[in-house]
Amino acid sequence: MKFLDLAKVYIKSGAGGNGCISFRREAHTEYGGPDGGNGGRGGDVVVEAIDNLNTLIDFRYQQHFFAQNGRSGMGKQRSGADGQDIVLKVPVGTEILEEDQETVIVDLTEPGQRFVLSQGGNGGFGNLHFKSSTNQAPRRANPGQPFVERTIWLRLKLIADAGLLGLPNAGKSTFLAATSNARPKIADYPFTTLHPNLGVVGVDNKEFVIADIPGLIEGASEGVGLGVRFLGHVERCAVLLHLIDGTSETVVDDYKTIIQELEKYGGDLANRPRVTALNKIDAIDETELAIKAHELELHIGSPILQLSGVSRAGLTDVLRAVAAEVEHRDALEKISKTDSGDEEPGGWRP
Ligand SMILES: Nc1nc2c(ncn2[C@@H]2O[C@H](COP(=O)(O)OP(=O)(O)OP(=O)(O)O)[C@@H](O)[C@H]2O)c(=O)[nH]1
Ligand SMILES: [Mg+2]
């Protein structure tokens, strides 16, 4: 399946049907009177977040979403039929943006979450509606309300618990393949990964989702390499796993490069909980490993982990460290939910 995380879409709700002007006329029947029905309601354009979808690729093939118009009212007191809604099905984690690509209309983070993007017009009243004691033969009916047309952007920010960071070739995809069910492409050239991959990882009977994104390089925030476009996908992560290639001669500089790009990206990405690990330890000897680990720890000011995605050494420790941060986030979310009363409506309040 192809991956697409940004799509421009044109939507139009249904116009309301017009009310009808009609009078009952039948041979041999006196006192006909007005009998024009109301117009039907136009359909809404609705967006719905659904599970089991992690790309917006469908929106490359269909960009226009028009709801049905309401039908006009008719004589003999018949109302027009309502127009059908149209539903855009998007992956969980999709933000709907205004045409300016900045203003967020809605952020769909829960499966099943729905939002009406543009409402269908109401149908107009037929002349039957205007009948009163003082006006028994009204010759007026309302037109239906017009449709609403707008251009929107869909931007997918995948929902993963942990995000992988690192320079190209740091071994991110190898790590994902070694620890999860995902089978990303792996090769010894930079930018093997061109779009994010998700994998489900399990450790100590806990499961979480990890995202592998394309490597960052210096200047990524200015668009160098594949840029920071994909950092959006780790924005929602509880923790970032930063992998540093142990075979590199410049491990501290490699570390700094990534941190600088995170800082330039903004938000609070640089302050997000982070696990830092020296990777590919199978490929270097003990002395070299000790020196590089020490250099890094000295620079960062805290211990780092060591692993190899190929020999699997240290994998469990790294996963546990990541899982601990995910659990920490989950616990905090639970507390804040209880505090805001989401879980116990009507509960006792001091
Ligand atoms: N010796 C050794 N090689 C590794 C290890 N992990 C990855 N590699 C090799 O490093 C190269 C790059 O690995 P990838 O997993 O594709 O690296 P990546 O970080 O996903 O790279 P991009 O997708 O280009 O950003 C491949 O040739 C891997 O076989 C490891 O733990 N030990
Ligand atoms: Mg990769």
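**Structural notes on the layout of surface pockets**
In step 1: Its boundaries defined by the atoms lining it, the largest pocket holds a volume of some 660 Å³.
In step 2: Lining the largest pocket are 22 residues, with Val92, Thr109, Ile159, Asp161 and Arg329 positioned closest to its centre.
In step 3: When residues of the lining of the largest pocket are assigned to their parent elements, the largest contribution, 5 residues, is made by helix α5 (residues 315–339).
In step 4: Classifying every residue of the lining of the largest pocket by side-chain character gives 9 nonpolar, 3 polar and 10 charged.
In step 5: Residue assignment places the lining of the largest pocket across two domains, with domain 1 (1–156) and domain 2 (162–339) each supplying three or more.
In step 6: What the second largest pocket holds in volume is close to 310 Å³.
In step 7: If you trace the second largest pocket, you find 25 residues lining it, with Asn169, Gly171, Lys172, Thr174 and Ala187 closest to the centre.
In step 8: Here the element with the most residues in the lining of the second largest pocket is helix α2 (residues 172–179); it accounts for 3 residues.
In step 9: Taken together, the residues of the lining of the second largest pocket break down into 9 nonpolar, 10 polar and 6 charged.

**What about the sheet that holds strand β13 (residues 274–279)?**
In step 1: Ordered by their spatial adjacency, 6 strands build an open sheet running β10-β11-β9-β12-β13-β14, and the pairing between neighbours is mixed. Two strands lie at the open edges of the sheet, namely β10 (197–203) and β14 (305–306), each paired on one side alone.
In step 2: Bridge analysis of strand β12 (residues 239–245) against β13 gives 6 bridges, and the strand direction is parallel. Within β13, the position partnered with Ile244 by the bridge is Leu278.
In step 3: Helix α4 (residues 286–300) contacts β12, β13 and β14 of the sheet and is inclined by roughly 155° relative to β13.

**Describing the coordination of the magnesium ion (ligand 2)**
In step 1: Around the magnesium ion (ligand 2), the protein supplies Ser173 (OG) and Thr193 (OG1) as donor atoms, at distances of 1.9 to 2.1 Å. Remark: Thr193 occurs in the loop between α2 and β10 and Ser173 occurs in helix α2; sequence separation between them is 20 residues.
In step 2: Look at Ser173 and you get buried, because its relative accessible area is 8%.

Reading the values: the criteria
Residues numbered from 1 in each chain as written. Chains lettered and ligands numbered in written order. Predicted model: local features only at pLDDT ≥ 70, side-chain atom pairs only at ≥ 80, totals over all residues. Heavy atoms only, no water. 1 Å grid on protein atoms, 1.4 Å probe; cavity = no way out; pocket = protein on both sides within 12 Å on 5 of 7 lines; lining within 4 Å. Points joined across faces, edges and corners; volume = space filled by probe spheres on them. Helix = DSSP H or I, 4+ residues; strand = E, 2+ residues; numbered from the N terminus. Nonpolar A, V, L, I, M, F, W, Y, C, P; charged D, E, K, R; others polar. Domains from an automatic or database assignment. Pairing = 2+ DSSP bridges. Contact = heavy atoms within 4.5 Å. Axes fitted to C-alpha atoms, helices over the stretch in contact; angles between N-to-C directions. Donors = N, O, S within 2.8 Å, 3.2 Å for Na, K, Ca; no water. Buried < 20%, exposed > 50% of the residue type's maximum accessible area, 1.4 Å probe, protein only.

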